[in-house]
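Take a look at the letters that make up each chain.
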Amino acid sequence: MTDNLRITIKIADVEPIRFDIKRSEEAIYRRAEYHINKLYSQWHSGAGKRQSPMEVMARVALAFAELYYRKTELLNAQGEVLADFERHLDRILEPEIGAASEEA
């Protein structure tokens, strides 16, 4: 059995998109499809005739891009905190590690 799966994603009023993914990633793509369509529907019905479907989709793309970059910045900041903690822990344990190796 192959680990790949051909799926079809339908977003807003765009022609369905067909592509191959890893079977293990299907839930991620389906969840993304759901949330994109949900946000598009909310904003499209709220915008009425003032915005074209393309403008609404551009806003949806911007919202997800913003979310991606905010989460990336948060992840990078958390990585720095963990790296600082590890350096601090190494400084605390260094005398003990050095003493243990001298005893051996």
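Before reading on, note that the structure itself is shown above.
Computed from a predicted structure; not experimentally measured.

**What to know about the overall build of the chain**
- Of regular secondary structure, the chain possesses 2 helices and 2 strands.
- In sequence order, the secondary structure elements of the chain are arranged as β-β-α-α.
- Residues classed as buried in the chain amount to 13% of the 104 residues present.
- Put simply, 23% of the contacts in the chain that link residues at least 6 apart link residues at least 24 apart.
- A total accessible area of about 8700 Å² is found for the chain, and carbon and sulfur atoms account for 59% of it.

**Quick look at the pattern of salt bridges**
- Taken as a whole, this structure holds 5 salt bridges when the rule is applied.
- For D20, the salt bridge identified is with R6, shortest N-O distance 3.2 Å. One end of the pair, D20, is in strand β2 (residues 17-22); the other, R6, is in strand β1 (residues 4-9), and 14 residues separate them in sequence.
- We classify R6 as exposed; its relative accessible area is 55%.
- With its nearest N and O atoms 3.6 Å apart, the salt bridge here joins E33 to R30. One end of the pair is E33 and the other is R30, both in helix α1 (residues 26-47) and 3 residues apart, which spans about a single turn.
- For E33, a relative accessible area of 14% translates into the label buried.
- Since its relative accessible area comes to 29%, R30 is described here as partly exposed.
- Look at the salt bridges and you will find they share partners, linking E26, R30 and E33 into a network.

**Some details on the packing of aromatic side chains**
- The full count for this structure, using the stated rule, is 2 aromatic pairs.
- Aromatic side chains Y68 and Y69 sit 5.0 Å apart centroid to centroid with 80 degrees between the ring planes, which places their arrangement in the edge-to-face category. This pair shows no difference in class: Y68 is exposed, exactly as Y69 is.
- Against the face of W43 rests R59, its NZ or CZ located 4.4 Å from the ring centre.

**Some thoughts on unusual backbone geometry**
- A positive phi angle is found at A12, which is not glycine, with a value near 50 degrees.
- Within the secondary structure, A12 sits in the loop between β1 and β2.

**Description of the nonpolar core**
- In this structure, L5, I7, I9, I11, A12, I21, I36, L39, Y40, V56 and V60 together form the largest nonpolar core, which totals 11 residues.
- Counting only elements with at least two residues in this core, the list comes to β1, α1 and α2 (53-103).

Conventions we followed
Residues numbered from 1 in each chain as written. Predicted model: local features only at pLDDT ≥ 70, side-chain atom pairs only at ≥ 80, totals over all residues. Heavy atoms only, no water. Helix = DSSP H or I, 4+ residues; strand = E, 2+ residues; numbered from the N terminus. Buried < 20%, exposed > 50% of the residue type's maximum accessible area, 1.4 Å probe, protein only. Contact = heavy atoms within 4.5 Å. Areas by Shrake-Rupley, 256 points an atom, 1.4 Å probe, with all protein chains shown as cover. Salt bridge = Lys/Arg side-chain N within 4 Å of Asp/Glu carboxyl O. Phe/Tyr/Trp six-rings, centres within 6.5 Å; stacked < 30°, edge-to-face > 60°. Lys NZ or Arg CZ within 6 Å of the ring centre and 35° of its normal. Core = buried A, V, L, I, M, F, W, Y, C linked by side-chain atoms within 4.5 Å.

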